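Single-letter residue listing:
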There are 2 protein chains.
Amino acid sequence: MREGDSLDHFFLGPKGELRRFFKEVVELVVDDYIFWRRNYHPKDPPAIPYRQLQSDGAEAYRGRFNQELFALISDLKLDVPFFSPRYMAHMVSEVAMPGLVAYLATMLYNPNNVSLEAAPVTVRFELEVGRQFAELFGYKTAESFCHLCSGGTIANFESLWFNRAGRFLPLTIALACHHEKVEAPAELPTTLWQLLNVSTQQTGRLYAEFQDRCRARELDAHTLFRRWSLDAYGDADYRDLVRDHFGETYSSPVVLMPRSAHYSWKRAAALLGLGRRNLLPVAVDDGFHMDPVDYRACLRRCYEERRPVIQSVFVLGTTEFGSVDPLPELLAVRDQARETGLDSPVHVDAAYGGYFATIFQAADGRSPESVESSWLQPLRQACAALPATESVTVDPHKMGYAPYGAGALVIRHGFLRRLVAEGAPYALDTRGIGHEDLGKFILEGSKPGAVAAAVLFNHRMMPLDSGGYGRHLLDLCRLAQDFYDRVTRLNASGHERHQRFQILPLARPETNVVCLLVLPASALSLAAVDRLNDQVALRFGVREVASVQSYDYLVSKTRIATNAPFITADQRLSALESDCDELTCLRLVFMNRWAEGKTADRIDYLDDFLGILSEHVEALLARKPQPDVGADNVIA
Amino acid sequence: MREGDSLDHFFLGPKGELRRFFKEVVELVVDDYIFWRRNYHPKDPPAIPYRQLQSDGAEAYRGRFNQELFALISDLKLDVPFFSPRYMAHMVSEVAMPGLVAYLATMLYNPNNVSLEAAPVTVRFELEVGRQFAELFGYKTAESFCHLCSGGTIANFESLWFNRAGRFLPLTIALACHHEKVEAPAELPTTLWQLLNVSTQQTGRLYAEFQDRCRARELDAHTLFRRWSLDAYGDADYRDLVRDHFGETYSSPVVLMPRSAHYSWKRAAALLGLGRRNLLPVAVDDGFHMDPVDYRACLRRCYEERRPVIQSVFVLGTTEFGSVDPLPELLAVRDQARETGLDSPVHVDAAYGGYFATIFQAADGRSPESVESSWLQPLRQACAALPATESVTVDPHKMGYAPYGAGALVIRHGFLRRLVAEGAPYALDTRGIGHEDLGKFILEGSKPGAVAAAVLFNHRMMPLDSGGYGRHLLDLCRLAQDFYDRVTRLNASGHERHQRFQILPLARPETNVVCLLVLPASALSLAAVDRLNDQVALRFGVREVASVQSYDYLVSKTRIATNAPFITADQRLSALESDCDELTCLRLVFMNRWAEGKTADRIDYLDDFLGILSEHVEALLARKPQPDVGADNVIA
């Protein structure tokens, strides 16, 4: 057990260890707020007369409130014990105490970060958080744009929205110059394909020049841009417009991403009208990484078919395996394609993994602890490559331990935000306070300022460097390695039990996620393996329970395609009959720093879990096979 | 002053009148939660040893926490005093106490409503809230689908996403039947135009029949649907596919909405790839209502140009004026168009106004108070027409007094959700708890369960009927009428001052918003009127202040186009030179039930504000005209 580690105090603790302190600050926050109210026009009389507070009606209301509150908080007790070191399931844990307290404090004031008028304080907090992320990912803070949104899914939608606007900007400039009789920027390409393959950086320069030329003719560049943009026409009509002008038009734009990408990308393609068929999945290797060789082949195909690439998505920390795509190699492939005339903006979906970049950030001038372990190198290299990408999604409500919903999008070329700007007559015009409003540039409208305060306060108490978040997250990665090693040792232990079945980890973890597959020696087919793992997953999953006491350990599950390289490349698995499309496996996410602790019987939680898991597998193997498995069949 | 009105206790009160009670319940909630933690595997030892809590490191951490917290809550004190009856600006007020307490209580548990696995309790809360809204709007709860999202903007995006999927479903069925050799449903139309004009209700029946026919051939209807849907191809490729099949294709689909609709609709059209040009704005009358005559003309044009209508948007409570579109007349126009073969689903943007429907809901079997005032009739009629619409957006974080971000989308034909469903391998599959997961059917991913608890608890303490929200909101509407009458009396008072300028209300309020235009007798041009009103708006707007004490009253502003019927139909305004495109006016939203109260000097807040406003206008008129106005020129 560590002594006096300041990171421990970041959380309330599994037993509410910091209870007194938490209650003290909550009380302070509430009192401070209430007396702020009282100090605004102090002489205004109370709105509710004192005697009314003692009236029968008031008494009755309070009684009803307490009764309903009792019902509410009793219901909540059937929620999942995310706070416990025994919860190792999804990417969720307890919220960090600073974020919790800041959320509460700010929610009292009720600011709305759509506009400075509705949130003069917390919009600034949001911009400060944005600068922090831009620095963390190596973007120039003055040129980039970052804002918070309700979650990574929305941030991913926005990446497409911004990058699509950028992708089509040179073409829009060409059309606008032609139709509005503005002189075209000197470096504006002339062929359609070239216009659709200008790098975002160069696009920024072209737009600046276009603005100059419009000014010279006393025209408003933004108005002209909007008139001739893809967003004005929609894809189908725009293709016709382009055909009228160029005598040819473009083929369906595509988005490239690894097969392991989050399901929300399919939704994004449908939502934005791109079509799911125009999402090109890139193969992954047996470690669940996007394969640079297949990425090159995909880009090549786009080039041959003359299909513009809106963006390529690389994943830094997959939701399923915590795996990290090889950004340096993938970026090199992108750069080579650029040489041949095909450009692709790169978006990094680091909703999960973005905070891991803090591991490699120097704290207070001190270099980060040198971590030479080979398992950390993919993460280190991916983080180091971020400055060369175009945009990053990161979710403070995942590894940032902020309350939901806190996502963020960081875009390197901040000028893109102007391309999507919309204004509202009743707001978003703040000459009184002299700033541009966020609401103009983001998908969402009204949104809680409390999120910005929570994220900022978390970052103040646990900085985005190797002394703060970095140290904590490195601890968690090591915990995952430790667990991986324990599983490996277990299999090699020669214990009779582990001759009957093995517990196979799926690839060495690159962050803090470990996936396991229970493989019985007796299994003949993948379907049989799937059934067994499904039963195990139900045993350790969230169920209809009468009390949370029913849970000893909680882990989650995921499903992998049986044609995935991990399975086809594995000797034991590929030897089995392949009679199903997908295989359930167990998934453990380590977000609780105390999972390395011990039970009251002085057994490590990790070993205790592995013991219970093994016993359960034995019991299942001893039973007759079941035709179908439901919650009823779970051995509790 | 009312005595013992239970609605008063719904809020903490402008002076924190309910402070003791609030603190009592906050303490209860926190203790109850912490001891829930302690009662989960009680024997697990504390993770942080007690002596560590007293260590120097812990002490230092707490010191730093308090110091940073002091900075945070001091910053927040420059936030806007939304809680005060002196704040009559935007659609924001203090959060209701039940919602606040429930949000805090639930945030501690940190549920994520993307999935029952991550929120077994609060997903059910969300579905309960959904049923409440469905009932309020007159939809059948069993057939409809409602969920919460981060705000009305996202809900509006979703309305388009769902209704677009429904619009194209019959066409998709036709393509799927042809290509997959499935027998077409008996009533499936055969021409392209007919396929794009099937009512949503009938579409549901066709889909059910399609599913039956697929089952008969042992095919999965959803897979076939996805394969041949618009979402798979994107608009441009789909038009080509349709052309190959029908020998003709469809013209750009449109969305109709009043000119007064929220700016986010433009963003929606751009985001979804529809193109802003395909948003057809319908004219509004001098009371800012969508004009049924022009709506008919627009639908006629769509019919003639063979353009499918994805949806028509009617607004129940515009953000700018609180005005209510004449739903019965508009729906009659839609129904007539249907007879001629053009169908349009109707979406109601009631982000702001949805809660006003509670005014007309019977409470506990008692009929709602009969309110015969003529000003209330547009609202009453619009609410009564809701059951005939296809979907409604409503924002609990507006007139529901819930914390941000709480929006909701209610769709009448719940089967549409299946058309957009996506699954995630690691979640959204909950056989263990036997429910379908929300995350499959909504745009967002991870999202706070605390929102659902807050909204539900608000609704429990203040029901969605004429005894709860309805009574409160009717009070606010009456307050707006009262204010309107005071302004009218002031103009007619014969006071010398009001011969120099008039304070013109823009239309009698239909909800709780009043817009004002200060009109000096000396003005010769609209630009001069605009300048004056802009100066006044700056005076009462949010500014860079050193203390909130600088604000005596806060009101907001909006801008109206000078070619709007309100201006062109007004004798005095239309007589002025029309030398600008837009006119600033003041906008007051009454959300605070104590705005009807009095200052310490026993002056009504409303009169006090009008007095200060009039004095300020006099002072401005006495000054030399300023070429340009910035914050520096404000007379404080």
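Residues numbered from 1 in each chain as written. Chains lettered and ligands numbered in written order. Predicted model: local features only at pLDDT ≥ 70, side-chain atom pairs only at ≥ 80, totals over all residues.

A. Summary view of the overall build of chain A. When helices and strands are tallied, chain A shows 23 helices and 11 strands. Its C-alpha atoms give chain A a radius of gyration of 27 Å, near enough to 26 Å, the size a compact globule of 636 residues would have. For chain A, the C-alpha atoms occupy an extent of roughly 80 × 80 × 50 Å along the three principal directions. Residue burial in chain A is summarised as follows: out of 636 residues, 59% are buried. Long-range pairs, those at least 24 residues apart, make up 74% of the contacts in chain A with a sequence separation of at least 6. (Helix = DSSP H or I, 4+ residues; strand = E, 2+ residues; numbered from the N terminus. Rg over C-alpha atoms; globule rule 2.2 N^0.38 Å. Buried ≥ 20, exposed ≤ 12 C-beta atoms within 10 Å, placed from the backbone. Contact = placed C-beta atoms within 7 Å.)

B. Spotlight on the sheet that holds strand β9 (residues 513–520) of chain A. Residues and elements named next belong to chain A. Taking strand neighbours across the sheet as the criterion, the four strands line up as β8-β9-β11-β10 in an open arrangement whose pairing is antiparallel. Each having just a single partner strand, β8 (501–505) and β10 (556–561) make up the two edges of the open sheet. The mean angle between the axes of side-by-side strands here comes to 35°, regardless of whether they run parallel or antiparallel. Here β9 pairs with strand β11 (residues 582–589) via four bridges, running antiparallel. Within the sheet, the bridge partner assigned to Val513 lies in β11 and is Val589. Those strands touched by helix α18 (residues 469–491) are β8, β9 and β11, and its axis lies near 155° from that of β8. Contacting β9, β10 and β11, helix α20 (residues 526–539) crosses the sheet at an angle of about 35° to β11. (Pairing = 2+ DSSP bridges. Axes fitted to C-alpha atoms, helices over the stretch in contact; angles between N-to-C directions.)

C. Main features of the sheet that holds strand β4 (residues 309–315) of chain B. Residue and element names in this part refer to chain B. Taken together, seven strands build an open sheet; the order of strands is β1-β7-β6-β5-β4-β2-β3 and the sheet is mixed. On the outer flanks of this sheet lie β1 (145–149) and β3 (279–282), each paired with one strand and no other. The average angle at which neighbouring strand axes cross in this sheet is 20°, direction not considered. In the sheet, strand β5 (residues 346–349) pairs with strand β6 (residues 391–394) via three bridges, with the strands oriented parallel. Paired with His347 across the two strands is Ser391, which belongs to β6. Strand contacts of helix α13 (residues 292–304): β2 (254–258), β3 and β4, with the helix running at about 150° to β3, the strand carrying the most contacts.

D. Highlighting the pairing of β8(A). All names here are of chain A. Here β8 shows a buried face lined by Phe501, Ile503 and Pro505 and an unburied face lined by Gln502 and Leu504. By the bridge criterion, five bridges tie β8 to β9 in an arrangement that is antiparallel. Across the sheet, Phe501 pairs through a bridge with Pro520, a residue of β9.

E. The arrangement of the relation of the copies chain B and chain A in detail. Between chain B and chain A, the superposition needs a rotation of 180° and an axial shift of 0.0 Å, giving an RMSD of 0.0 Å. Viewed as a symmetry operation, the transformation between the two copies matches a two-fold axis. Of the residues that chain B buries at the interface, 100% are likewise interface residues in chain A, meaning the two copies contact each other through the same surface. (Least-squares fit on C-alpha atoms with pLDDT ≥ 70 in both.)

F. Focus on the confidence of the model for chain A. Residue and element names in this part refer to chain A. Put simply, chain A has an average pLDDT of 92, and 94% of its residues get 70 or more. Note on residues 428–434: pLDDT under 50 across the span, and 24 contacts to partners over four residues away in sequence or across chains. For this predicted complex, the interface confidence comes out at an ipTM of 0.95, alongside a pTM of 0.95. (pLDDT = per-residue confidence, 0-100.)

G. Broad picture of helix α1 (residues 19–38) of chain B. For α1(B), with 20 residues, the first-to-last C-alpha span of 29 Å sits near the 28 Å given by 1.5 Å per residue. Among the residues of α1(B), Phe22(B), Val25(B), Val26(B), Val29(B), Val30(B), Tyr33(B), Ile34(B) and Arg37(B) are the ones counted as buried. The arc that holds the buried residues of α1(B), viewed along the axis, is 160°, so those residues lie on one side. Turned more than 90 degrees off the buried face of α1(B), the exposed positions are Arg20(B) and Phe35(B). Where α1(B) is buried, its residues meet α1 (19–38) and α3 (56–76) of chain A together with α4 (97–109) of chain B. (Expected span 1.5 Å × (residues − 1). Arc of directions from axis to C-beta.)

H. How the structure looks around the interface of chain B and chain A. Each partner contributes residues to the interface: chain B has 148 residues there, and chain A has 148 residues. Its residues assigned to classes, the side of chain B that touches chain A shows 71 nonpolar, 39 polar and 38 charged. (Nonpolar A, V, L, I, M, F, W, Y, C, P; charged D, E, K, R; others polar.)

I. Inspection of the packing of helix α13 (residues 292–304) of chain A against helix α14 (residues 327–339) of chain A at higher detail. Residues and elements named next belong to chain A. Contact geometry of α13 with α14 gives a least axis separation of 9 Å together with a crossing angle of 25°. As far as their axial angle goes, α14 and α13 are roughly parallel. At the point where α13 passes α14, the crossing takes the right-handed sense. Residues Pro292, Tyr295, Arg296, Leu299 and Tyr303 of α13 lie in contact with α14, whose contacting residues are Glu329, Leu330, Val333 and Ala337. (Parallel < 35°, antiparallel > 145°, perpendicular 65-115°, else oblique. Left-handed = near helix turned anticlockwise from the far one by under 90°.)

J. Examining the domain arrangement of chain A more closely. Domain annotation for chain A reports domain 1 (97–131 + 141–150 + 414–455), domain 2 (166–250) and domain 3 (476–633). Look at where the C-alpha atoms of domain 1 of chain A and domain 3 of chain A centre, and you get two points 43 Å apart. (Domains from an automatic or database assignment.)

K. View of unusual backbone geometry. Here Tyr404(A) and Gly405(A) are connected by a cis peptide whose omega angle stands at -15°. Structurally, Gly405(A) can be placed in the loop between β6 (391–394) and β7 (407–411). One non-glycine residue, Phe288(B), lies in the positive phi region at around 65°. By the C-beta count within 10 Å, which is 25 here, Phe288(B) ends up buried. In this structure, Arg306(B) is a non-glycine residue whose phi angle is positive, near 55°. What makes Arg306(B) partly exposed here is the crowd of 15 C-beta atoms within 10 Å.

L. Geometry of the packing of α1(A) against α1(B). Between α1(A) and α1(B), the least distance of the axes is 11 Å, while the angle of their chain directions is 160°. Here α1(B) runs roughly antiparallel to α1(A), going by the angle between their axes. Remark: the crossing between α1(A) and α1(B) carries right-handed chirality. Listed contacts from α1(B) to Arg19(A), Lys23(A), Val26(A), Val30(A) and Ile34(A) of α1(A) are Arg19(B), Lys23(B), Val26(B), Val30(B) and Ile34(B). When grouped by side-chain class, the residues that make up the contact of α1(A) with α1(B) number six nonpolar, no polar and four charged.

M. Inspection of the pairing of β4(B) at higher detail. Residue and element names in this part refer to chain B. A large share of β4 lies buried, amounting to seven of its seven residues. Sheet topology places β2 next to β4; three bridges connect them, and they run parallel. Across the sheet, residue Val255 finds its bridge partner in β4, namely Gln311. Note that β4 and β5 share four bridges and pair parallel.

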